[in-house]
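Summary of structural features
Below are the chains, spelled out letter by letter.
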Amino acid sequence: MTTPAPKTKAVDAPEVAAYWVERRRYLDRIRKVPEIRQRFWREVAIYLLRRLLWSFGFFPIFLAFWIPFVMASFNPVVMASNLIPLLEEFVNSNPEVQATTISTLLTSWASVGFFFLVFDFVLTPFKSPYEYEADVYMRSWEQLNHDQLPDKV
């Protein structure tokens, strides 16, 4: 014999739809507020600047120093003694070799930066102030309309 599944309260579509209609209506209303629009664009600029600085500033520079430091067994004297002949060779080389070396370093820096930029955008998505304001508003809206909403909206 099979036992019947426990009965759960069915979610009425009009109640759920009312929540999303009110949320869309509120988002349309606050998109017209100049202060929130200004805050949105400021937060977009800060988000992009932060992602670019982390991806092209911190990570490539960190890796450029960390990998030789690890290869030198965390001994700065060994690292310096390994790097000094390379730097002397670079300085004493002709301009064509120097240009190729600098081009290679810039290409590697950009490729590491773009690699981290892609994953940074995926791992830390942008949080819109419009969505935050709508979440706050909808929490209060749920409190006011609690008796009309199903349990899991």
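Check the entry above for the structure.
This is a predicted model, so every value here is computed, not measured. (Residues numbered from 1 in each chain as written. Predicted model: local features only at pLDDT ≥ 70, side-chain atom pairs only at ≥ 80, totals over all residues. Heavy atoms only, no water.)

**Concerning the overall build of the protein**
Rules: Secondary structure elements follow DSSP: runs of H or I of four or more residues count as helices, runs of E of two or more count as strands, with numbering from the N terminus. The buried label goes to any residue with under 20% of its type's maximum accessible area, the exposed label to any with over 50%, and the partly exposed label to all in between, with areas taken from a 1.4 Å probe on protein chains only. Throughout, a contact is declared for two residues whenever any of their heavy atoms are within 4.5 Å. Accessibility throughout is a Shrake-Rupley quantity obtained with a 1.4 Å probe, and a residue counts as covered only by protein chains that appear here.
When helices and strands are counted, the protein shows 5 helices and 0 strands. Element order for the protein, N to C, with α for helix and β for strand: α-α-α-α-α. Counting over 153 residues, the protein shows a buried share of 19%. Taking all contacts inside the protein whose residues are at least 6 apart in sequence as the whole, residues at least 24 apart take part in 79%. Approximately 12,100 Å² of the protein is accessible, and the part contributed by carbon and sulfur atoms is 68%.

**Overview of the packing of aromatic side chains**
Basically, it comes down to this: Only centres within 6.5 Å qualify two rings of Phe, Tyr or Trp (six-membered ring in Trp) as a pair; their planes then separate them into stacked at under 30 degrees, edge-to-face at over 60, and tilted for everything else. Two limits define a charge over a ring: the Lys NZ or Arg CZ must be within 6 Å of the ring centre, and within 35 degrees of the ring normal.
In this structure the tally under the stated criterion is 21 aromatic pairs. Measuring from ring centre to ring centre gives 5.8 Å for Phe-40 and Phe-126, while their planes differ by 75°; the resulting arrangement is edge-to-face. Taken together, the residues Phe-40 in helix α2 (residues 34-71) and Phe-126 in the loop between α4 (95-123) and α5 (129-144) connect sequence positions 86 residues apart. Here the aromatic rings of Phe-69 and Phe-74 are separated by 5.5 Å at their centres, their planes lie at 90°, and the arrangement is edge-to-face. The exposure class assigned to Phe-69 is partly exposed, which follows from its relative accessible area of 25%. Overall, Phe-74 belongs to the partly exposed group, its relative accessible area being 47%. The ring of Tyr-137 has Arg-29 lying over it, and the distance from NZ or CZ to the ring centre is 5.9 Å. A cation over a ring is seen here: Arg-31 above Tyr-130, with NZ or CZ 5.0 Å from the ring centre.

**Comments concerning α5**
Basically, it comes down to this: For a helix, the expected span equals 1.5 Å multiplied by the number of residues minus one. It is the directions from the helix axis to the C-beta atoms that the arc portrays. For this analysis, a polar contact is any N or O atom pair within 3.5 Å, provided that within protein one partner can donate a hydrogen and the other can accept it, and provided that sequence-adjacent residues contribute only side-chain to side-chain pairs.
Here α5 is 16 residues long and its end C-alpha atoms lie 23 Å apart, about the 22 Å a rise of 1.5 Å per residue gives. By the burial criterion, the buried members of α5 are Pro-129, Tyr-130, Glu-133, Ala-134, Met-138 and Trp-141. What you see down the axis of α5 is that its buried residues fit within an arc of 165°, all on one side. Of the exposed residues in α5, the ones pointing more than 90 degrees away from its buried face are Tyr-132, Arg-139 and Gln-143. Two or three places before Tyr-130, at the opening of α5, Ser-128 has a side-chain oxygen 3.1 Å from that residue's backbone nitrogen.

**Quick word on unusual backbone geometry**
Positive phi outside glycine occurs at Ser-73, with the angle close to 55°. Within the secondary structure, Ser-73 is located in the loop between α2 and α3 (76-92). Take Ser-73: its relative accessible area is 58%, and that puts it in the exposed class. Despite not being glycine, Phe-74 has its phi angle at roughly 60°, a positive value.

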